[in-house]
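So you can see what is in the structure, the chains are spelled out below.
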Amino acid sequence: MKRGGIFAGVLAAASTFAGAAFAAENETLGQPTPRAIDLQPAATGVMQDIHDFHAFILPIVVAISVFVLALLLWVMVRYNRRANPTPRKFTHNMLVEVIWTIVPVLILVVIAWKSFPLIFKEEQIPPNAELTLKVTGNSWFWNYEYPDLHVTLTQNPLTEDEVNQWNAAHPNEQPKVYLLATNNVLYVPSDTTVRVLITSNDVIHSFAVPAFGIKEDAIQGRVNDTWFRVDSHLTGPGSHTYYGECSELCGVNHSFMPIEVRSVPRAEFYQWVVAQGGTIPGQQPAAPAAPGAAAPAAATTPTR
């Protein structure tokens, strides 16, 4: 038992140190990092809570795994045929059965105590959502719409040559990532609660952005909803790009259905809305002409 426990402890310690070393490399916001095994840095409060839950439950999982491994090694050494040629014959042990029933129940209660509020927070749309974003999955691209801002766009992946050309032309900006970069970046304002309505035009897709802590199925004939709020206290000031992908097997080009989102300050977001031909919230429409005033001249089209 002592040897098994030492061996298991060494393995657990090695895994912990290796994970810390690789996790230190995962410093890039919103995108996967080579050789990193930790979660992406959180961009929202929900994802930060997921980080905290992960940190809470990982020691429990490691402790249970090490304990079970030690028991298995002890049983293999202590009760094999050579060490125990005459096995004992008994049907049960009341104390052991009570322990292995009560202890797992208590562990599950502790996990539920931490996980249920997080699930509720993920599923409950805040009543003070300031923007609504509609996401529609297609085979194999995404449609986005801000219905209140009259902005729509379609998102398709860039080819490898297009990604290389863009990176060469923008050396001072965060480089785009092949198989994740898209032709139209979806802009979202930071420090703003955004409600997301998700549906599909054909098969089942899944809208997932890991740094936001969101993953919701897009189903034809049904509208699912989720929400996010990019927190500048977590991400730092300025603009940041985040990547996601369709996370539901949806056909031959499933792996070529990326999501590219850029969080920007609200003023820059409104500039993007205007550039897309949209309307800024609270913007007043043009005043109607006064009675009797001459109407503006209509544009004429030359005839042939």
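Just so it is clear, the model here is predicted, and its values are computed rather than measured.

(A) Spotlight on the overall build of the chain. For the chain, the count of helices and strands is six helices and 10 strands. Out of the 304 residues in the chain, the part that is buried amounts to 32%. Only carbon and sulfur atoms are counted for the fraction: they give 62% of the accessible area of the chain, which is about 19100 Å².

(B) Geometry of the sheet that holds strand β6 (residues 205–209). On the basis of which strands lie adjacent, the open sheet formed by five strands has the order β4-β10-β9-β6-β7 and mixed pairing. The two strands at the open ends of the sheet, each matched to only one other strand, are β4 (186–189) and β7 (214–218). Averaged over all pairs of adjacent strands, the angle between strand axes in this sheet comes to 25°, irrespective of strand direction. Of the pairings in the sheet, the one linking β4 to strand β10 (residues 258–264) comprises four bridges and is parallel in character. Each residue of the ladder has a partner; that of V188, found in β10, is S263.

(C) Seen up close, the sheet that holds strand β2 (residues 141–146). Strands sit in the order β3-β2-β1-β5-β8 across an open sheet of five strands; the sheet is mixed. In this open sheet, the two strands that pair with only one neighbour each are β3 (151–155) and β8 (224–228). Within this sheet the neighbouring strands show an average axis-to-axis angle of 20°, counted without direction. One ladder, built from five bridges, connects β2 with β3; its direction is antiparallel. For Y146, the partnering residue across the bridge sits in β3 and is V151.

(D) Representation of helix α2 (residues 45–78) in the model. Between its terminal C-alpha atoms α2 stretches 50 Å, which fits the 50 Å expected from 34 residues at 1.5 Å a residue. Along α2, the sharpest kink reaches roughly 25°, centred on I57 and followed within four residues by the proline P59. Among the residues of α2, those classed as buried are V46, M47, H51, F53, I57 and A70. Along its buried surface, α2 packs onto α3 (94–123) and β8.

(E) Highlighting the state of the cysteines. Taken as a whole and judged by the stated rule, the model has zero disulfides. Between C246, a cysteine without a disulfide, and C250, which holds the nearest cysteine sulfur, the sulfur-to-sulfur distance is 3.8 Å. For C250, a relative accessible area of 8% translates into the label buried.

(F) Up close: the packing of α2 against α3. As a packed pair, α2 and α3 sit with axes 11 Å apart at the nearest point and diverge in direction by 165°. As the angle between them shows, α2 and α3 are arranged roughly antiparallel. Crossing hand, α2 versus α3: left-handed. Of the residues in α3, those touching α2 at G45, V46, D49, I50, F53, F56, I57, I60 and I64 are I107, V110, I111, K114, S115, L118, K121 and E122. Of the residues assigned to the contact of α2 with α3, the class counts are 11 nonpolar, two polar and four charged.

(G) Structural view of the environment of N183. Among the structural elements, N183 can be located in the loop between α4 (160–169) and β4. C-alpha of N183 to C-alpha of E162: the two residues are 21 residues apart in sequence and 9.1 Å apart in space. Contacts of N183, omitting those with residues within four sequence positions, involve T154, Q155, N156 and L158. A polar side-chain atom of N183 sits 2.7 Å from the main-chain amide nitrogen of N156.

(H) Structural context of the pairing of β6. Counting buried positions along β6 gives five out of five residues, so the element sits mostly inside the fold. Taking every second residue as pointing to the same face, both faces of β6 are buried, with H205, F207 and V209 on one and S206 and A208 on the other. Pairing analysis gives five bridges linking β6 to β7, with the strands arranged antiparallel. Residue pairing in the sheet places H205 in a bridge with A218 of β7. Where β6 hands over to β7, the hairpin turn is made up of four residues, of which G213 adopts a positive phi near 75°. For β6 and strand β9 (residues 240–246), the ladder comprises two bridges, and the chain directions are antiparallel. Note that in β9 the partner of A208 across the bridge is E245.

Cut-offs and rules
- Residues numbered from 1 in each chain as written.
- Predicted model: local features only at pLDDT ≥ 70, side-chain atom pairs only at ≥ 80, totals over all residues.
- Heavy atoms only, no water.
- Helix = DSSP H or I, 4+ residues; strand = E, 2+ residues; numbered from the N terminus.
- Buried < 20%, exposed > 50% of the residue type's maximum accessible area, 1.4 Å probe, protein only.
- Areas by Shrake-Rupley, 256 points an atom, 1.4 Å probe, with all protein chains shown as cover.
- Pairing = 2+ DSSP bridges.
- Axes fitted to C-alpha atoms, helices over the stretch in contact; angles between N-to-C directions.
- Expected span 1.5 Å × (residues − 1).
- Bend = angle between axes of the 7 residues up to and from the residue.
- Contact = heavy atoms within 4.5 Å.
- Disulfide = S-S within 2.5 Å.
- Parallel < 35°, antiparallel > 145°, perpendicular 65-115°, else oblique.
- Left-handed = near helix turned anticlockwise from the far one by under 90°.
- Nonpolar A, V, L, I, M, F, W, Y, C, P; charged D, E, K, R; others polar.
- Polar contact = N/O pair within 3.5 Å; in protein donor to acceptor, adjacent residues only side chain to side chain.

The analysis is restricted to geometry; functional conclusions fall outside its scope.
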